[in-house]
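The residues making up each chain are set out below.
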Amino acid sequence: MAGPTTARAREDGASQARPASAPRRRGPSRRGVLVVLVALTLLVGGGTYLLYGSPWLRVRQVRVTGTRVLSAAEVRDAAGIGVGEALVSVDTGAVASRLRAAVPRIASVTVDRSWPDTVALKVTERTPKALLEQGGKYVEVDGDGVRYATDTTAPAGVPVVELTGGSSGGNRYFGTAVLLHAAVQVAADLPESVRKQTKTIAVKSFDGISLELTGGRGVLWGGPDNGSQKAVALTALLKAAPGATHYDVSAPTDPASSGS
C-alpha cells in the first residue's frame, strides 16, 4: 500500500507531464481586412483608369517605317488605328493581319506599342523577282510566287516571264501555274547583278527555261532545279567569257559558252 508521500509524488509527476497550454493567436481584425480590401480596390481601379480612362495613355501618333513604294499614309489608313483610343486597347495582332490582307505588297509587319502615346508599324515590302505581262500591264511576282501588284510600266531590272511552249504535251502535264512558278524560282535564284541584265525568262517547257540578257546574249538554264549552282556557274562564265553570245548552265558541273 502506497503511503501519502508516494501518492503526492505521483500527483506532482502527473502535473509536470501535462504541457502548458499555448497562448491563443488572434486573427486579423475585421477592420484590418476591410482596409486591405479597400486599398486593393483603389489600386486596381486606379490602374484600370490609368490604362483605359486616362488622357495621357492614348494614341497620339502612328509611326511607320520600312516603306519603299508604299507611302506612310497608305499604311496608316489600312491599319485602321483610331487616334485617341486607349493605347492598351490596340490589338497589335489584329492590326498586323488587317494590313497584310488590305495591302498585298506588305510581306510582313511588326506592330508595337510605344508608351505613352505611339503605335509603331515596321513594314517589310515584297520585292519583285519577275513580271507577268497581262493586257499591256505588268504583274509583280515575289520570290514565293505571290502576285501582289500591277503596274502600267515594267519596273527596271526585273525580268518578264514568257511562256513560249504553247500547248505541248509537257506544258499540258505541268500546267501554266507550275511553269510560272518554275520561272519565278529561276528569277529568285539569279544573283542581283545578273537579274538586272535579264530581260526575259522564256519557258518553253519545264526543263527548257532560257534567259535573254542585255546585249543580245542568251542563256540555256534548263529546269528550275540546282538553281544556286547554276547561278554560280553563270556568274563565272560571264566573267570568263564576257564576249560570248550564248551560255549553257543546264548542267552546272559542265557549263559552256559560245559565240563572240
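Rules used throughout
Numbering of residues begins from 1 in every chain and follows the order in which that chain's sequence is written. Per-residue local features are limited, in this predicted model, to residues with pLDDT of at least 70; the limit for side-chain atom pairs, both in listing and counting, is 80 or more; totals at the level of whole chains, interfaces and linings are taken over all residues. Hydrogens and waters are ignored; side-chain quantities use all the structure's heavy atoms. In this description, a nonpolar core means a group of buried Ala, Val, Leu, Ile, Met, Phe, Trp, Tyr and Cys residues linked to one another through side-chain atoms lying within 4.5 Å. Burial classes follow relative accessibility: with a 1.4 Å probe on protein chains only, a residue under 20% of its type's maximum area counts as buried, one over 50% as exposed, and anything between as partly exposed. Secondary structure elements follow DSSP: runs of H or I of four or more residues count as helices, runs of E of two or more count as strands, with numbering from the N terminus. Here, two residues are considered to be in contact whenever any of their heavy atoms come within 4.5 Å of each other. Here the axes come from fitting lines to C-alpha atoms, over the contacting stretch only for helices, and the angles between their N-to-C directions go from 0 to 180 degrees. Here the word oblique covers every angle except those under 35 degrees (roughly parallel), over 145 (roughly antiparallel) and from 65 to 115 (roughly perpendicular). Take the far helix as the reference: if the near one is turned anticlockwise from it by less than a right angle, the crossing is left-handed, and if turned clockwise, right-handed. The span one expects for a helix is its residue count, reduced by one, times 1.5 Å. Each salt bridge in this description consists of a side-chain nitrogen of Lys or Arg and a carboxyl oxygen of Asp or Glu lying within 4 Å of one another.

Let us look at the nonpolar core. Counting 30 residues, the largest nonpolar core has Val161, Leu211, Val219, Trp221, Leu234, Tyr247 and Val249 as the members making the most contacts within it. For this core, the elements supplying multiple residues, two or more each, are strand E4 (130–134), strand E5 (137–141), helix H6 (176–189), strand E8 (198–203), strand E9 (209–213), strand E10 (218–222) and helix H8 (227–240). For this core, the leading source of residues is H6, giving seven residues. Among all residues touching Leu234, those that are not within four sequence positions of it are Val194, Leu211, Val219, Trp221, Tyr247 and Val249. Core analysis: the next-biggest nonpolar cluster, separate from the first, contains 20 residues, Val62, Ala79, Ile81 and Val103 among them.

Here we take up the packing of helix H3 (residues 72–79) against helix H4 (residues 92–102). It is the contact of H3 with H4, at a shortest axis distance of 8 Å, that shows an interaxial angle of 120°. Comparing the axis directions of H3 and H4 gives the class oblique. The handedness of the crossing between H3 and H4 comes out as right-handed. Of the residues in H4, those touching H3 at Val75, Ala78 and Ala79 are Val95, Arg98, Leu99 and Ala102.

Inspection of the secondary structure puts Gln185 in helix H6. Spatially, the C-alpha atoms of Gln185 and Gly227 are 8.0 Å apart, while their sequence positions differ by 42 residues.

So, on to unusual backbone geometry. Across residues other than glycine, the phi torsion is negative in most instances, and most of the peptide bonds are trans. Of the consecutive residues Trp115 and Pro116, the connecting peptide bond is found in the cis state with omega at 15°. If you trace the backbone, Pro116 turns up in the loop between strand E2 (106–114) and strand E3 (118–125).

Turning to H6, a few remarks are in order. The terminal C-alpha atoms of H6, which comprises 14 residues, lie 20 Å apart, in line with the 20 Å expected from a rise of 1.5 Å per residue. Turning to H6, its buried residues number three or more, namely Leu179, Leu180, Ala182, Ala183, Val184, Val186 and Ala187.

On inspection of all chains with the given rule, the structure shows five salt bridges. Residue Arg126 is joined to Asp142 by a salt bridge in which the shortest nitrogen-to-oxygen separation is 2.8 Å. Of this pair, Arg126 sits in the loop between E3 and E4 while Asp142 sits in the loop between E5 and strand E6 (147–151), and the two are 16 residues apart along the sequence. Among the residues examined, Asp142 registers a relative accessible area of 6% and is labelled buried. A salt bridge links Lys230 to Asp225; its shortest N-O distance comes to 3.8 Å. Since its relative accessible area comes to 1%, Lys230 is described here as buried.

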